[in-house]
Amino acid sequence: MAIDHTHDASKRSWVTSANDGLTDFPIQNLPLGVFSPKGGDPRCGVAIGDQILDLREAVHSGLLSSPAAETLVGDTLDKLFALGRTAMRSLRHEVFALLDAERGKRDDVVLHPMTACAMHLPTSVKNYTDFFVGVHHAIRCGQIINGDDYELSQNYGYMPIAYNGRPSTVCVSGTDIRRPVGLRKRLSQDALPSFGPCQWMDFELEMGFFVGPENAMGEPVPIAEAGDHIVGFCLLNDWSARDIQMFEMTPLGAFNGKSSGTSISAWVITADAMEPFRLPSMDRLPGSPEIPRYLLDAADQAAGGIDVALTATISTQKMRSAGEGPVPLLRTHSRYCYWTFAQMLTQHTITGCSLLAGDLVGTGTISGPTREDLASFFELSFIGKELVELSNGEERGFIEDGDEIAFQGRCEREGFASIGFGTCSGRVTPALPLEQF
Ligand code: CA
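Quick caveat: nothing in here was measured; it's all calculated off a predicted structure.

Reading the values: rules and limits
- Residues numbered from 1 in each chain as written.
- Predicted model: local features only at pLDDT ≥ 70, side-chain atom pairs only at ≥ 80, totals over all residues.
- Heavy atoms only, no water.
- Helix = DSSP H or I, 4+ residues; strand = E, 2+ residues; numbered from the N terminus.
- Buried < 20%, exposed > 50% of the residue type's maximum accessible area, 1.4 Å probe, protein only.
- Contact = heavy atoms within 4.5 Å.
- Areas by Shrake-Rupley, 256 points an atom, 1.4 Å probe, with all protein chains shown as cover.
- Pairing = 2+ DSSP bridges.
- Axes fitted to C-alpha atoms, helices over the stretch in contact; angles between N-to-C directions.
- Salt bridge = Lys/Arg side-chain N within 4 Å of Asp/Glu carboxyl O.
- Donors = N, O, S within 2.8 Å, 3.2 Å for Na, K, Ca; no water.
- Core = buried A, V, L, I, M, F, W, Y, C linked by side-chain atoms within 4.5 Å.
- Phe/Tyr/Trp six-rings, centres within 6.5 Å; stacked < 30°, edge-to-face > 60°.
- Lys NZ or Arg CZ within 6 Å of the ring centre and 35° of its normal.

Asker: Could you give an account of the overall build of the chain, with specific residues and numbers?
Answerer: For the chain, the count of helices and strands is 10 helices and 26 strands. Counting only C-alpha atoms and orienting by the principal axes, one finds that the chain spans roughly 70 × 55 × 40 Å. Looking at the chain as a whole, 55% of its 437 residues are labelled buried. Considering only contacts in the chain between residues 6 or more positions apart, those separated by 24 or more positions represent 75%. Here the chain has roughly 18100 Å² of accessible surface; of this, 52% comes from carbon and sulfur atoms.

Asker: Hey, could you go over the sheet that holds strand β4 (residues 111–113) for me, with residue numbers and the actual values?
Answerer: Read from one edge of the open sheet, five strands run β4-β3-β2-β1-β5, paired in antiparallel fashion. The open sheet has two free edges, formed respectively by β4 and β5 (118–120), since each of these has just one partner strand. Within the sheet, the average angular offset between the axes of one strand and its neighbour, ignoring direction, is 45 degrees.

Asker: Talk me through the pattern of salt bridges; I want residue IDs and the actual numbers.
Answerer: By the definition in use, this model includes 22 salt bridges. In the salt-bridge network here, residues are joined through shared partners; they are Asp202, Glu204, Asp238, Arg242 and Lys258.

Asker: Can you break down the environment of leucine 434 residue by residue, with the values?
Answerer: Tracing the chain through its elements places leucine 434 in the segment after β26 (419–429). It is 8.0 Å that separates the C-alpha atoms of leucine 434 and proline 197, two residues lying 237 residues apart in sequence. Residues contacting leucine 434, with those up to four places away along its chain left out, are Phe195, Gly196 and Pro197.

Asker: An account of the coordination of the calcium ion is requested, with residue identities and associated values reported.
Answerer: Every protein donor of the calcium ion is accounted for by Asp130 (OD), Glu204 (OE), Glu206 (OE) and Asp238 (OD), and the metal-donor separations fall at 2.2 to 2.3 Å. Along the chain, the residues that donate to the calcium ion are spaced as D-x73-E-x1-E-x31-D. Here the residue aspartate 130 occupies a position in strand β6 (residues 128–131), and glutamate 204 occupies one in the loop between β12 (201–202) and β13 (205–211), the gap between them amounting to 74 residues. Neither residue differs from the other here; aspartate 130 and glutamate 204 are each classed as buried.

Asker: Tell me about the sheet that holds strand β9 (residues 177–178), residues and numbers included.
Answerer: One open sheet holds the five strands; their spatial order is β9-β26-β25-β20-β21, and the pairing between them is mixed. Of all the strands in the sheet, just β9 and β21 (327–333) have a single pairing partner and so form its edges. Summarising the sheet, strand β20 (residues 309–315) and strand β25 (residues 404–411) pair through seven bridges and their orientation is antiparallel. Looking at the pairing, threonine 313 lines up with alanine 406 of β25.

Asker: Account for the environment of isoleucine 244, naming residues and giving values.
Answerer: Residue position: isoleucine 244 is located in helix α6 (residues 242–248). Along the primary structure isoleucine 244 and cysteine 171 are separated by 73 residues, whereas in three dimensions their C-alpha atoms are 21 Å apart. For isoleucine 244, the contacting residues outside a window of four places in its chain are Pro180, Val181, Gly182, Leu183, Arg184, Cys198, Asn256 and Gly257.

Asker: Explain the nonpolar core to me, using residue names and the numbers behind them.
Answerer: Nonpolar side chains in soluble globular proteins tend to be buried together. Grouped together as the largest cluster of nonpolar side chains are 73 residues, with contacts concentrated most on Phe203, Phe209, Phe233, Met274, Leu329, Phe377 and Phe421. Counting residues in hydrophobic clusters, the runner-up holds 40 residues, among them Ala58, Leu64, Tyr128 and Leu360.

Asker: Can you lay out the packing of aromatic side chains for me, pointing to particular residues and giving the numbers?
Answerer: Tallied over the full model, the rule gives 11 aromatic pairs. Relative to tryptophan 339, the ring of tyrosine 338 has its centre 5.9 Å away and its plane inclined at 90 degrees; by these criteria the two rings are edge-to-face. Classification of tyrosine 338 by relative accessible area gives buried; the value is 2%. Take tryptophan 339: its relative accessible area is 2%, and that puts it in the buried class. Clustering of aromatic rings is evident, with ring pairs tying together Phe132, Tyr156, Tyr338 and Trp339. Sitting above the plane of the tyrosine 336 ring, arginine 335 keeps its charged end 5.8 Å from the centroid.

Asker: A description of the pairing of β6 should follow, citing residues and the corresponding values.
Answerer: Because side chains alternate across β6, one face comprises the buried residues Tyr128 and Asp130, and the other comprises Thr129 and Phe131, equally buried. Here β6 pairs with strand β22 (residues 360–362) via three bridges, running parallel. Paired with aspartate 130 across the two strands is glycine 362, which belongs to β22. Bridge count for β6 against strand β7 (residues 162–164) is three bridges, and the pairing is antiparallel. Within the sheet, the bridge partner assigned to phenylalanine 131 lies in β7 and is alanine 162.

Listed below in structure tokens is the structure:
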């Protein structure tokens, strides 16, 4: 797809809050989501500045005539995503025209103040898969567990690896996460497992993408076509109970350590909005094998990555009691994904596994190479051994009850309007009392 007039940095909206240069949602972004206005039921919308354009009302008023319009009267974006990027581009152009300052303010466009709306999951998320393509995270976690001479497993250089996650506990930003209980064992600290609340509660800063057009069972998606099946992106927090995970993971992989919740940002940044912010795929590591032919595509190698600056903050109960805002925890960048989104999609379907419209796929933790860009407490505190000092003097090895972790993502490129992802936040609440088990 080419850059078009919807990416023109000089364009403004008559919704004035979209024009301050700071908002995540200028007219060049137009992300899609599902929301309820005050007293109303869930419906599809587009974020513009500090407002939400009501797509259902726009359809009912006859303002949208693109083929996508009839998919927008439900309470998920599944049907829109199933149509794919061409139909979504027509919708983007129509919505852009409705909000364009040059065409003047329109009284027939229904807007809702974002602060008065509740957000919901954008799709039904029938399936959720979490990859492990953050290569610095993969190396560092291996070193923390196995020692400094750890080398990546052989499969890592050949293909993106993943586990099948729990769609039932994927939740929208702002949803509380209850501290899980289970059989836990803190690596070398505990000789035997014990039952109780997770003591190593962690976050993982990731990105996610949404699947659009479906592939039938038995029909893999070739790498050259994989981009057509990826319709949008979000921020994702794969909440992780490390002590539960450590005890259960050998030999079958992640299960209860990853099932208590997965938070995503509420707005889907469309693939079209991301067009100005594409990057080449990450350089191969020294000694890494050739990319298998079924995962290799020249266009994907040239522009299969995305350019998103990622940050995380923490807000503790003590900070909130003192009237203090959240403080920075880390910063990292989407460029540290070793495999591209298209490679993840093709890998997922190579056996004939079908993906459904609205399915969610996570990248895995996107840590960078330095001390400042570690995207989990597991790495930040070296599994609790080196406490992280917060700017108010508190220390953390892992997440404590009442801690709220929030992610932000921002795209910037000379000559283009900056766009953002909104927030992906969640607060960890106390575990259920043990007498309940
Ligand atoms: Ca993960």
